Amino acid sequence: MSILIVMEQREGAWNRMSFETLAAAQQIAAELQTTASAAVLGQGLDVLAGELAGKQLEKIYLVEHELLKEYTPDAYTSALRQLLAQVKPEYVLLPHTYQVRDFLPKLATSLGTVAVSDVVAHRVDTGALVLVRQLFQGKVNSDVRFTGAAPHFASLQAGAYRADQLTEGSAAVEKFAPAIAASEVRTRPQERFRESARAVDLSTAELIVSVGRGIKEAENIALIQDLANALGAELAASRPICDAGWLPMERQVGSSGQTVGPKMYMAIGISGAIQHLVGMKGSRTIVAINKDPNAPIFEVADYGIVGDLFQVVPELIEAIKQAK
Amino acid sequence: MKILVAIKQVPARDSQLKIASSGLWIAEEDLTHEINEPDAYALEAGLQLKEKHGGEVVAICFGPARAGQTIREALAKGADRALHIEAEDPGAYDPLAAARLMAAALRPEAPDLVLTGLQSDDLGYGQTGPILAELLGLPHATLIMEVEKHEGGIRVKRELEDGWFQHVEMPLPALLTIQSGISKLRYATLMGIKKAKTKEVKRLSPAELGGENPAASIRLDRVYLPERVKHTQLFEGSPKEAATKLVEKLKFEARVI
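As the structure is a computational prediction, the values presented were derived from the model and not from experiment.

Some thoughts on the overall build of chain B
Helix and strand counts for chain B come out as six helices and 13 strands. Burial analysis of chain B (257 residues in total) assigns 44% to the buried set. Taking all contacts inside chain B whose residues are at least 6 apart in sequence as the whole, residues at least 24 apart take part in 69%.

This is the structure in structure tokens:
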């Protein structure tokens, strides 16, 4: 039995979530009394290998091929299948990135199994790994077990494990050259691009007032703007508000928007789906106002009011003005 | 272009959820259900492509009899017909087993394009699309914002993390998972609702599709409400009282006012 971590890089730069997965794998390996190895796919990976070689790992596999330079689900699946056939790990752990979400289900299916995606925690129960994942946008948790044949795949959610808890050590580096035919790769990715430069940098804001679906109508955003003005805070939003065009995309907080860490983050009418939480849970003080007492935003909130935002926010603006 | 859109029926988004006494799923009795919101965007994308390029939009749904309502709504919005894989115990199927049923129903349709939402709002595995692509032998891309058809294939705009995007080209047939929020969802018209009643819904059973008694690779052991990891100070009373207490804390404890 062993664990293999598939790290993610692009053009020689790590996706830092990979190190959270590495830390998780070290913990799980210790609990299962086994060893962990890491693999990284691409071309010209020697520099990246240097950073990994100082970690406590059994082996580091540099999976190199010209067709792995740019990510495609076909080439990644082909290369990983070949690596897995050689390494034969019991568990394969990956960071739950957009890229992993793109190829992991395909890879698992090609081996006749199912990956457990978006894992937030684990425990070991009589020698078997039990994984915790969220259902219903974080309102419910579930324990999941593997019941089929190895390899067992799991992707780990951003922030679920801490990269600063990595154990140092040393690892042997091994090159692995998969055979990939150009004809296997059916999609042609083009250059990456950004739509527009960001005029608003929320990451340096000291105070943020953020609004979500609970606001119901575009016209009601003005109420939250008034609250932000009263506090001297930046206005931000969860994804649905920006998708609807009620606030510009550059004010979006979450996995597809900005990551923020202000002194105070006030979430108004935001239920707290994980895609939002990953963007703001590093805030020093979190305030939540929501009508649903079971909304996951209260899991991370320091202060909360369960109630109708249309009644609470006007009173809040009044109270802030008096306190200043 | 023949477009198959996979849709799922899930509990309504603002449902107050309780755990069933079995501890294996939520209590379904008092819930209302609706189309999985990400799938509504996949359906919308399919309908827009049909309006532009002609062809047919076929909805495919795996779910119990009550999912028939969601299928009717998809037909009322403009889908031409539907396939309903009907099973009263869809929870017994893990994502691969469920996708195998859908793939078996999809194959004889020989679609040019298969669309799904990016994930379901209930289980949230986010895997049905890529699993189906692998089972059907199709190229795929996920989190798609735009689809352009051209000679010999499609060019799609894919969302990456942190505000980045990328165009990807691929031949047809192909499978795409559609990003939520990329367009405005249409409402069913009265005419659409009327027409939906006469549209074909083909019912299929897991047995017909060779997928009864599925083997599972993963198993939901237990579902439960999450424990609070953080102690939240909740302020009660009238809105005015609660707001006043909160501001006191923000001023004297958190010191942000």
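Quick look at the overall build of chain A
The helix and strand tally for chain A stands at nine helices and 17 strands. Taken along its principal axes, the extent of the C-alpha atoms in chain A is 65 × 45 × 35 Å.

Here we look at the sheet that holds strand β4 (residues 56-63) of chain B
Pairing between sheet strands relies on hydrogen bonds along the backbone, with the strands arranged either parallel or antiparallel. Reading across from one edge, β12(A)-β9(B)-β8(B)-β7(B)-β10(B)-β6(B)-β1(B)-β4(B)-β5(B)-β11(B) is the order of the ten strands in this open sheet, with mixed pairing throughout. Each end of this open sheet is capped by a strand with a single partner; those strands are β12 (188-194) of chain A together with β11 (201-204) of chain B. On average, adjacent strands in this sheet sit at an angle of 25° to one another, irrespective of strand direction. Across three bridges, the pairing between strand β7 (residues 140-150) of chain B and strand β10 (residues 174-178) of chain B is parallel.

Quick word on the sheet that holds strand β5 (residues 59-64) of chain A
Read from one edge of the open sheet, ten strands run β11(A)-β5(A)-β4(A)-β1(A)-β6(A)-β10(A)-β7(A)-β8(A)-β9(A)-β12(B), paired in mixed fashion. Where the open sheet ends on each side, the last strands, each with one partner, are β11 (172-176) of chain A together with β12 (218-224) of chain B. Across the sheet, the mean angle separating the axes of adjacent strands is 30° when strand polarity is ignored. Taken together, the six bridges between strand β9 (residues 140-146) of chain A and β12(B) define a ladder with antiparallel strand orientation. Looking at β12(B), one finds that A:Phe146 is bridged to B:Ile218.

Here we look at the pairing of β7(B)
Residue and element names in this part refer to chain B. Of the strand pairs in this sheet, β7 and strand β8 (residues 153-159) are connected by six bridges, and their pairing is antiparallel. Looking at β8, one finds that His150 is bridged to Gly153. In sequence, β7 turns back onto β8 through a hairpin of two residues, with Gly152 there showing a positive phi of about 85°.

Description of the interface of chain B and chain A
With 66 residues of chain B in contact, the opposing surface of chain A contributes 70 residues. Among the elements of the structure, α3 (95-106), α4 (128-136), β7, β9 (164-170), β12, β13 (233-234) and α6 (239-252) of chain B are those that each provide at least two residues to the side of chain B that touches chain A. With nine residues, α6(B) is the largest single contributor of residues to the side of chain B that touches chain A. Relative to β13(B), strand β17 (residues 303-306) of chain A runs parallel, the two sharing two bridges.

Focus: the nonpolar core
All names here are of chain B. The biggest cluster of nonpolar side chains holds 114 residues, and the ones touching the most others in it are Val5, Ala59 and Met102. The element contributing the most residues to this core is α3, with eight residues. Those residues in contact with Met102 that sit more than four places away from it in its chain are Ala6, Ile60, Phe62, Ile85 and Leu132.

Side note on the domain arrangement of chain A
All names here are of chain A. Each assigned domain of chain A is listed with its residue range as follows: domain 1 (2-184) and domain 2 (202-323). Once you take the C-alpha centre of each, domain 1 and domain 2 turn out to be 34 Å apart. Contacts between the two partners involve seven residues from domain 1, matched on the other side by nine residues from domain 2. Its residues assigned to classes, the side of domain 1 that touches domain 2 shows one nonpolar, five polar and one charged.

What about the domain arrangement of chain B?
When the parts of a complex come together, some accessible area is lost, and that lost area is often used as the size of the interface. Partitioning chain B into structural domains gives domain 1 (2-204) and domain 2 (226-257). Each of domain 1 of chain B and domain 2 of chain B has a C-alpha centre, and these two points are 42 Å apart.

Re the packing of α3(B) against α4(B)
The relative placement of two packed helices is expressed as an angle between their axes plus a distance between the axes. All names here are of chain B. At a closest axis distance of 9 Å, the pairing of α3 and α4 adopts a crossing angle of 55°. Put simply, α3 runs oblique to α4. Regarding α3 and α4, the two cross each other, and that crossing is right-handed. Across from Pro95, Leu96, Ala99, Arg100, Met102, Ala103 and Leu106 in α3, the residues of α4 making contact are Thr128, Ile131, Leu132, Leu135 and Leu136. Here the contact of α3 with α4 is built from residues that sort into ten nonpolar, one polar and one charged.

Quick notes on the packing of helix α9 (residues 309-323) of chain A against α6(B)
Where α9(A) contacts α6(B), the axes come no closer than 8 Å and their chain directions differ by 45°. It follows that α9(A) is oblique to α6(B) by the angle criterion. By crossing handedness, the relation of α9(A) to α6(B) is classed as right-handed. The residues of α6(B) that touch α9(A), namely those facing A:Gln311, A:Val312, A:Glu315, A:Leu316, A:Ala319, A:Ile320 and A:Ala323, are B:Pro239, B:Lys240, B:Ala242, B:Ala243, B:Thr244, B:Leu246, B:Val247 and B:Lys251. By residue class, the composition of the contact of α9(A) with α6(B) is ten nonpolar, two polar and three charged.

Rules of the game
Residues numbered from 1 in each chain as written. Chains lettered and ligands numbered in written order. Predicted model: local features only at pLDDT ≥ 70, side-chain atom pairs only at ≥ 80, totals over all residues. Helix = DSSP H or I, 4+ residues; strand = E, 2+ residues; numbered from the N terminus. Buried ≥ 20, exposed ≤ 12 C-beta atoms within 10 Å, placed from the backbone. Contact = placed C-beta atoms within 7 Å. Pairing = 2+ DSSP bridges. Axes fitted to C-alpha atoms, helices over the stretch in contact; angles between N-to-C directions. Core = buried A, V, L, I, M, F, W, Y, C linked by C-beta atoms within 7 Å. Domains from an automatic or database assignment. Nonpolar A, V, L, I, M, F, W, Y, C, P; charged D, E, K, R; others polar. Parallel < 35°, antiparallel > 145°, perpendicular 65-115°, else oblique. Left-handed = near helix turned anticlockwise from the far one by under 90°.

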